[in-house]
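Report on the structure
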There are 2 protein chains.
Amino acid sequence: MRYAGNHLLIDFWDAINLDDPQRIDEVLCEAAVTAGATILHSHFHHFTPNGGVSGVIVLAESHISIHTWPEKNFAAVDVFMCGACDPHLSIPVMQRLFQAGRVEVDEQRRGREAA
Amino acid sequence: MRYAGNHLLIDFWDAINLDDPQRIDEVLCEAAVTAGATILHSHFHHFTPNGGVSGVIVLAESHISIHTWPEKNFAAVDVFMCGACDPHLSIPVMQRLFQAGRVEVDEQRRGREAA
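What counts, and where the lines are drawn
- Residues numbered from 1 in each chain as written.
- Chains lettered and ligands numbered in written order.
- Predicted model: local features only at pLDDT ≥ 70, side-chain atom pairs only at ≥ 80, totals over all residues.
- Heavy atoms only, no water.
- Least-squares fit on C-alpha atoms with pLDDT ≥ 70 in both.
- Contact = heavy atoms within 4.5 Å.
- Pairing = 2+ DSSP bridges.
- Helix = DSSP H or I, 4+ residues; strand = E, 2+ residues; numbered from the N terminus.
- Axes fitted to C-alpha atoms, helices over the stretch in contact; angles between N-to-C directions.
- Phe/Tyr/Trp six-rings, centres within 6.5 Å; stacked < 30°, edge-to-face > 60°.
- Buried < 20%, exposed > 50% of the residue type's maximum accessible area, 1.4 Å probe, protein only.
- Salt bridge = Lys/Arg side-chain N within 4 Å of Asp/Glu carboxyl O.
- Buried area = accessible area lost by both parts, 1.4 Å probe.
- Polar contact = N/O pair within 3.5 Å; in protein donor to acceptor, adjacent residues only side chain to side chain.
- Expected span 1.5 Å × (residues − 1).

**Focus: the relation of the copies chain A and chain B**
Superposing chain A onto chain B requires a rotation of 180 degrees together with a translation of 0.0 Å along the rotation axis, leaving an RMSD of 0.0 Å. On the angle and the small slide along the axis, the relation comes out as a two-fold axis. When C-alpha positions in chain A are compared against the rotation axis, the closest is assigned to A:Val56, at 3.6 Å. Both copies share a contact surface, since 100% of the interface residues of chain A are interface residues in chain B too.

Next up, the structure:
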C-alpha cells in the first residue's frame, strides 16, 4: 500500500442545523454513499440540555464521525475512507445541511509507508 | 471555549493482536475509562477474509475509533475527547495489547477559536 486510508478532519464554523440527530444521521449516510462508501452501522446520540449531537457511521471503508456544539455553531466531522472512495465528495452533501460560513478541511494520509 | 476537543490520531506500526474484535473492544473501552471518559455505545466489525477490525466507541466526551490491517501489522486509532479527559492516558493501555514497534501520535485541537 502507498497509504491505508484518506482521513479528512472537517470543521464547520458558523453552522446551523446541529441539534437534530435523525436529520444529521440521514445526511451523513447520504454523504457516505455519495463518496462511494458502504454503510455497516450507524449510531447517533443527542445530548441535553445543550442539544449537541455525537454520532458515528462504521463503513466497509472506515468511518464517519461527528460532534456538534450548537451553542457555538460548530461541528467537527471526520471522514476516514480507504479503497476507491473519494471522501471529498461528502463535503457538499453535509454543507447543504449545515450551511457553514466557513469550512476548514485538514487531510491526513493514514498508514503512509516510506517509498 | 479555547478549543472544543483534543483529537489524537495514533498510528500503531509493527503491531500484533489486530484481528480480534472482542479483545480490541475490551481494551479500547479500558483505554477510554483510563482517560477519564464515559462510554455511551460501542460497535466493532470484523472483516473477512483478511481479519481487519473496524470499531467505534461513542463517548460522552466524543469518540474513539480504530481500523486495523493485520496483514500490514498496522492500526489507525483516533481518540477525540473534550472536557477534563486526558486522551494521552489511553495510549499505554492500547500499547499493552498492540505491542507496536513504533507509535506515531498527531495531536489536533479541534474547534480552536482565535484568541
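**Some thoughts on the sheet that holds strand S6 (residues 102–110) of chain A**
All names here are of chain A. Reading across the sheet, the six strands line up as S2-S3-S4-S5-S1-S6 and stay open at both edges, with antiparallel pairing between neighbours. The sheet is open, and its two borders are formed by strand S2 (39–46) and S6, each paired with just one other strand. Taking each pair of neighbouring strands and ignoring which way they run, the sheet shows an average axis angle of 10 degrees. Sheet contacts for helix H1 (residues 21–34): S2, strand S3 (53–59), strand S4 (62–69) and strand S5 (74–81); angle to S2, the most-contacted strand, approximately 155 degrees. Together, strand S1 (5–13), S4, S5 and S6 form the strand contacts of helix H2 (residues 90–98), whose direction differs from that of S1 by roughly 20 degrees.

**Some words on the packing of aromatic side chains**
Residue and element names in this part refer to chain A. Within this structure, the stated rule accounts for six aromatic pairs over all chains. Relative to phenylalanine 74, the ring of tryptophan 69 lies with its centre 5.7 Å away and its plane at 40 degrees, an arrangement referred to as tilted. Looking at tryptophan 69, the relative accessible area reads 12%, which means it is buried. A network of ring pairs unites the aromatic residues Trp13, Trp69 and Phe74 as a single cluster.

**Quick word on the pattern of salt bridges**
All names here are of chain B. The tally for this structure, following the rule as stated, stands at 10 salt bridges over all chains. In this structure, the salt-bridge partner of glutamate 30 is arginine 96, at a minimum N-O distance of 3.0 Å. Residue glutamate 30 is located in helix H1 (residues 21–34), and its partner arginine 96 is located in helix H2 (residues 90–98); the two are separated by 66 residues in the primary sequence.

**A few points about the interface of chain A and chain B**
Of the residues lining the interface, 35 residues belong to chain A; the matching set on chain B comes to 35 residues. Both sides together, the interface formed by chain A and chain B hides about 2,800 Å², and carbon and sulfur atoms give 68% of it. On the surface where chain A and chain B come into contact, there are four salt bridges. Put simply, A:Arg110 and B:Asp11 hold a salt bridge, and the shortest N to O gap is 2.8 Å. Joining chain A to chain B, the criterion identifies 14 residue pairs in polar contact (both at pLDDT 80 or more).

**Comments concerning the side chain of B:Gln108**
Topologically, B:Gln108 is positioned in strand S6 (residues 102–110). Among the polar contacts made by the side chain of B:Gln108, one reaches the side chain of B:Asp106 at a distance of 2.8 Å. If near-sequence neighbours (up to four positions away) are discounted, B:Gln108 is found in contact with A:Leu9, A:Asp106, A:Gln108, B:Gly5, B:Asn6, B:His7 and B:Leu9.

**Some remarks on the environment of B:Ala37**
Residues and elements named next belong to chain B. Within the element layout of this structure, alanine 37 appears in the loop between H1 and strand S2 (39–46). By relative accessible area, which is 8% here, alanine 37 ends up buried. Residue contacts for alanine 37: discarding those within four places in its chain leaves Ala32, Leu59, Glu61, Met81 and Cys85.

**Considering H1(A)**
Residues and elements named next belong to chain A. Under the 1.5 Å per step criterion, the end-to-end length of H1 is 20 Å for 14 residues, consistent within 8% with the ideal 20 Å. All buried positions along H1 are accounted for by Pro21, Ile24, Val27, Leu28, Cys29, Ala31 and Ala32. On its buried side, H1 packs onto S2, S3, S4, S5 and H2. The N-capping residue of H1, defined by a side-chain oxygen 3.2 Å from the backbone nitrogen of glutamine 22, is aspartate 20. Positive phi shows up at glycine 36, right after H1, with a value of about 95 degrees.

Any functional reading would require information beyond the geometric quantities listed.
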